[in-house]
Amino acid sequence: MSVQENHQLSGDFDKVRDDIMAILKMKDYDDGSIGPVLVRLAWHSSGTYCKETDTGGSNGAGMRYESEGGDPANAGLQHARTFLEPIKEKHPWITYADLWTLAGCVAIKAMGGPDVPWKAGRSDFADESLNPPRGRLPDGAQAADHLRHIFYRMGFNDQEIVALSGAHNLGRCHTDRSGFDGAWVVQPTRFSNQYYKLLMKLDWQKKKLSNESAEKGASWQWVAQAPGADEDEPPLMMLPTDHSLIEDDSFRPWVEKYAEDRDAFFKDFSAVFAKLVELGVYRGEDGIARFSHLEKGKYDS
Ligand code: DDH
């Protein structure tokens, strides 16, 4: 198995956490924080997992290689990886796979979200031969059946799909990355349950997007003016997949619940994000993650 054996579980993870905290605010970047794009990096590095074949997931940090890093679904995440490079240089013992998932958890907390339990021990692939195929991440232009196809493959249920989607409280869409455009909420660097409240409350309308967006597969999105906003302010947005959560009879009750009960959302989000970054990560007795159940068995016997 070609892995980079540079993990060191005795490293000072608290120092790494502090150093991630220290770089989150960035005045000239998006809404003044790199937190949202770090959360997306943690999610996309984990969201390639396939339960049936036991492949993909955060272990390996395959996004360092073109086959995964150059996937159009990961457009823009090179910025997140570059932002974390000085931290890796300062703490060379940490693996990229650990650093990327840890940074997402630290950013969620720093932006006012819940504590997400996080465990070390991931390794980095030494080449891209174990990278998952492209096409495993969700496509925002689709609907509820696509969400189930993608997230059931990872081992999530309907409640977990809705809870995970609440991450869209954070950050924004960029025309030059996904083709979609704008933020979901008014304060996109503040973790909250606004996403669900706005889904339920606003009068969402379909809006056609530019040819540049359509070429990236984003031909339209939902838009609505934020409550109290001037007409010339850019509207808030929802992806077709986001809006499908209130069109679907099984998803919708969870949107209603999380809109009404912030604490339930924080608790469920913490659990489901922790599950996400652990997909396909199996630790041996030494605390070091193996790349699959099979390999774990091999090491332990
Ligand atoms: Fe997402 N997401 N995401 N997302 N996501 C985008 C941005 C961000 C989908 C599509 C997009 C999750 C689920 C889904 C974040 C976190 C999470 C963008 C815009 C698209 C498109 C990218 C760009 O233009 O820069 C779709 C589809 C799904 C789905 O099917 C459910 C999940 C599960 C998470 C998570 O973290 C748990 C975050 C944060 C962002 C904002 C990034 C940024 O740069 O800002």
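Our structure is the block above this text.
Residues numbered from 1 in each chain as written. Predicted model: local features only at pLDDT ≥ 70, side-chain atom pairs only at ≥ 80, totals over all residues. Heavy atoms only, no water.

1. Structural notes on the layout of surface pockets
Line of reasoning, step 1. One number sums up the size of the largest pocket: a volume of about 1000 Å³.
Line of reasoning, step 2. Along the walls of the largest pocket sit 44 residues, with Arg40, Trp43, His44, His168 and Leu239 positioned nearest its centre.
Line of reasoning, step 3. Elements that contribute at least two residues to the lining of the largest pocket include exactly α2 (35-46), α6 (144-154), α7 (158-165), β3 (172-173), α10 (240-247) and α12 (262-278).
Line of reasoning, step 4. Here the lining of the largest pocket takes six residues from α2, the largest share from any one element.
Line of reasoning, step 5. Two domains share the lining of the largest pocket, each providing at least three of its residues, namely domain 1 (3-137 + 273-300) and domain 2 (144-269).
Line of reasoning, step 6. For the second largest pocket, the calculated volume is near 290 Å³.
Line of reasoning, step 7. Around the second largest pocket, the lining is made up of 17 residues, and of these Arg172, Ala183, Pro234, Pro235 and Leu236 lie nearest the centre.
Line of reasoning, step 8. Sorting the residues of the lining of the second largest pocket by element identifies β4 (182-183), β6 (220-224) and β7 (236-238) as the ones contributing at least two each. (1 Å grid on protein atoms, 1.4 Å probe; cavity = no way out; pocket = protein on both sides within 12 Å on 5 of 7 lines; lining within 4 Å. Points joined across faces, edges and corners; volume = space filled by probe spheres on them. Helix = DSSP H or I, 4+ residues; strand = E, 2+ residues; numbered from the N terminus. Domains from an automatic or database assignment.)

2. Remarks on the sheet that holds β7
Line of reasoning, step 1. Strand order in the open sheet made by the three strands is β5-β6-β7, with antiparallel pairing throughout. Edge positions in the sheet fall to β5 (205-208) and β7, since each has one partner strand and no second. The sheet shows a mean angle of 45° between the axes of neighbouring strands, direction not considered.
Line of reasoning, step 2. Summarising the sheet, β6 and β7 pair through three bridges and their orientation is antiparallel. Bridging across to β7, tryptophan 222 finds its partner in methionine 238.
Line of reasoning, step 3. Sitting on the sheet, α10 is in contact with β6 and β7, with an inclination near 65° to β6. (Pairing = 2+ DSSP bridges. Axes fitted to C-alpha atoms, helices over the stretch in contact; angles between N-to-C directions. Contact = heavy atoms within 4.5 Å.)

3. Considering the environment of phenylalanine 269
Line of reasoning, step 1. Here phenylalanine 269 lies in helix α12.
Line of reasoning, step 2. With a relative accessible area of 0%, phenylalanine 269 lands in the buried category.
Line of reasoning, step 3. Taking the C-alpha atoms as reference points, phenylalanine 269 and valine 162, separated by 107 residues in sequence, lie 9.3 Å from one another.
Line of reasoning, step 4. The residues touching phenylalanine 269, leaving out its near neighbours within four places in the chain, are Ile108, Pro114, Ala163, Leu164, Ala167 and Phe191. (Buried < 20%, exposed > 50% of the residue type's maximum accessible area, 1.4 Å probe, protein only.)

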